[in-house]
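Now for the letters of each chain:
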Amino acid sequence: MTKSILITGCSSGIGLDAALALSIRGYQVFATARNQADVQSLQNKGLNAYHLDLTDMNSIETTVTAILKETGGSLDFLFNNGAYGQPGALEDLPTQALKAQFETNVFGWHALTKMIIPVMRKQGHGRIIQCSSVLGFVSMAYRGAYNASKYAIEGLSDTLRLELKSANISVILLQPGPINTQFRANSLKAFQHCIDAKNSVYHVQYQQQIVRLSSERSTAAFTLEPKDVTKALIHALESNKPKIRYRITVPTKLFAVFKRILPTHWLDKLLSKG
């Protein structure tokens, strides 16, 4: 029987790779994106694509309704992936920018998930996969807004897993480290829009961040490709006993160990070099 999955953030990177790979694998994929031009691009690639803006409740409700009409009211999997990074020191970050980060990365996921849970309860099964990050359990300077949003997703997911245990609905976290996607380019746009770098006490440090975000490909060690995240996603979808957390990339695995064994001030020294 064909399995159905709704994926957010499919315009590029992790979401796009997952949508294409799962479609080839025989899944009934519902790929979503915020911009209409990206929806058209997804359709041109042969995907069943919908417009979904995680900051717009009407958009979420309209899209979920349309998808459920197509499936006859069922959905096997939800992959919450759509997100962006808002760089900048917390000292410089407008509170509105922090709110905007949470609107997309946290509140939109919550609203969408709330609509899907009753569907999964009714059918008696389901899996909710959350694309978190290594920055969901360790923090790095100038990434505070994104750190906070991913820490929130980790906490919400752990709670949801406990609450849904008796409903046969699994909640699974993917924790990528550096992946070659458009994430840096989008983060640079958010940085330039919200942060007054020229007049900041962090002006020198920001120049380093701008160079990093301007790179076409990640310069971080052990950077992987979106297909490596898709590989973990497939295991999370198809394994009889999926992991609770999939740590993807060497940095994620290393920092998971460091977080447990190192004193905080030692870990801070390591993270300050990033």
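- As named in an unreviewed UniProt entry, the chain is SDR family oxidoreductase, taken from Colwellia asteriadis.
- According to UniProt, the comment filed for the chain under the heading Sequence similarities (unreviewed entry) is "Belongs to the short-chain dehydrogenases/reductases (SDR) family."

1. Some remarks on the overall build of the chain
Next up, step 1: Across its full length, the chain holds 10 helices and seven strands.
Next up, step 2: The C-alpha atoms of the chain give 18 Å as radius of gyration, which agrees with the globular expectation for 274 residues (19 Å, within 12%).
Next up, step 3: The principal-axis extents of the C-alpha atoms in the chain amount to approximately 55 × 40 × 30 Å.
Next up, step 4: In the chain, 71% of the contacts between residues at least 6 apart in sequence involve partners at least 24 apart.
Next up, step 5: Working note: accessible area of the chain is about 13700 Å², and carbon and sulfur atoms make up 54% of it.
Next up, step 6: Of the side-chain charges in the chain, 30 are positive and 19 negative, and the distance between the mean point of each set is 8 Å.

2. Topic: the sheet that holds strand β7 (residues 245–248)
Next up, step 1: Pairing in this open sheet of seven strands is parallel, and the strands run β3-β2-β1-β4-β5-β6-β7 from one edge to the other. Because the sheet does not close on itself, it has two edges, and the strands there are β3 (48–51) and β7. This sheet shows a mean twist of 20 degrees between the axes of neighbouring strands, independent of strand direction.
Next up, step 2: Of the strand pairs in this sheet, strand β5 (residues 126–131) and strand β6 (residues 169–176) are connected by six bridges, and their pairing is parallel. Note that in β6 the partner of I128 across the bridge is V171.
Next up, step 3: In this fold helix α9 (residues 250–261) packs onto β6 and β7, with an angle of close to 120 degrees to the strand it touches most, β7.

Definitions and cut-offs
Residues numbered from 1 in each chain as written. Predicted model: local features only at pLDDT ≥ 70, side-chain atom pairs only at ≥ 80, totals over all residues. Heavy atoms only, no water. UniProt positions renumbered as here; feature names shortened; annotations may be inferred. Helix = DSSP H or I, 4+ residues; strand = E, 2+ residues; numbered from the N terminus. Rg over C-alpha atoms; globule rule 2.2 N^0.38 Å. Contact = heavy atoms within 4.5 Å. Areas by Shrake-Rupley, 256 points an atom, 1.4 Å probe, with all protein chains shown as cover. Lys, Arg positive; Asp, Glu negative; His and termini not counted. Charge placed at Lys NZ, Arg CZ, Asp CG, Glu CD. Pairing = 2+ DSSP bridges. Axes fitted to C-alpha atoms, helices over the stretch in contact; angles between N-to-C directions.

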